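Fold and geometry: a report
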Amino acid sequence: QVQLVESGGGLVQPGGSLRLSCAASGSILGINAMGWYRQAPGKQREFVARILNGGSTNYADSVKGRFTISRDNAKNTVYLQMNSLKPEDTAVYYCNAEITITRFENRDYWGQGTQVTVSS
């Protein structure tokens, strides 16, 4: 079974930075894409960033220029560097991965979530 383990969340002041990490482990033949989503209290879960196996990236408009997604393929790990954090970035951040389990089967997995709180 594949597991995604997230870390790096915490409390930070506005304008500060955090780096989230998500490590995938288990029966993994390959990782096609990894990304981050977030959900604030009382709000719908929203897309934040995604990186494909070829290295191309996509970002939500709200985080462009502030967040950077990257991967360490040797460690099956995705990172989200968050700079210039704003109170509206406060949310639970979830890691997502599309993983090749067998030669012709891909599956979507989610991490448990890590809390990011931006407050003075």
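From a predicted model like this one, the values you see are computed outputs, not experimental measurements. (Residues numbered from 1 in each chain as written. Predicted model: local features only at pLDDT ≥ 70, side-chain atom pairs only at ≥ 80, totals over all residues. Heavy atoms only, no water.)

Glancing now at the state of the cysteines. Enumeration over the complete set of coordinates arrives at 1 disulfide. Sulfur-sulfur distance for the disulfide between Cys22 and Cys95 comes to 2.1 Å. Classification of the bridge connecting Cys22 and Cys95 rests on its S-S torsion, roughly -85°, and on that basis the disulfide is left-handed. With Cys22 in strand E3 (residues 18-25) and Cys95 in strand E9 (residues 91-102), this residue pair connects regions lying 73 residues apart in the sequence. Pair check on accessibility: Cys22 and Cys95 agree, each one buried. (Disulfide = S-S within 2.5 Å. Helix = DSSP H or I, 4+ residues; strand = E, 2+ residues; numbered from the N terminus. Buried < 20%, exposed > 50% of the residue type's maximum accessible area, 1.4 Å probe, protein only.)

Let's shift gears to the packing of aromatic side chains. Under the defined criterion, the tally for this structure stands at 2 aromatic pairs. Both rings, one in Tyr37 and one in Phe47, keep their centres 5.6 Å apart while their planes meet at 75°; by these two values the pair is edge-to-face. Of the two residues, Tyr37 sits in strand E4 (residues 30-39) while Phe47 sits in strand E5 (residues 46-52), which places them 10 residues apart along the sequence. The rings of Tyr37, Phe47 and Trp110 are connected pair by pair, giving a single aromatic cluster. Over the face of the ring belonging to Tyr94 we find Arg45, whose NZ or CZ atom lies 3.9 Å from the ring centre. One residue, Arg45, lies across the ring of Trp110, its end atom 5.0 Å from the ring centre. (Phe/Tyr/Trp six-rings, centres within 6.5 Å; stacked < 30°, edge-to-face > 60°. Lys NZ or Arg CZ within 6 Å of the ring centre and 35° of its normal.)

Burial along strand E11 (residues 114-118) is one-sided: the residues Thr114, Val116 and Val118 are buried and none of Gln115 and Thr117 is. As judged from the 3 bridges shared by strand E2 (residues 10-12) and E11, these two strands associate in the parallel manner. When the sheet's bridge partners are listed, Gly10 is paired in E11 with Val116. Alignment of E9 against E11, held across 3 bridges, turns out to be antiparallel. What sits directly across from Val92, in E11, is Gln115. (Pairing = 2+ DSSP bridges.)

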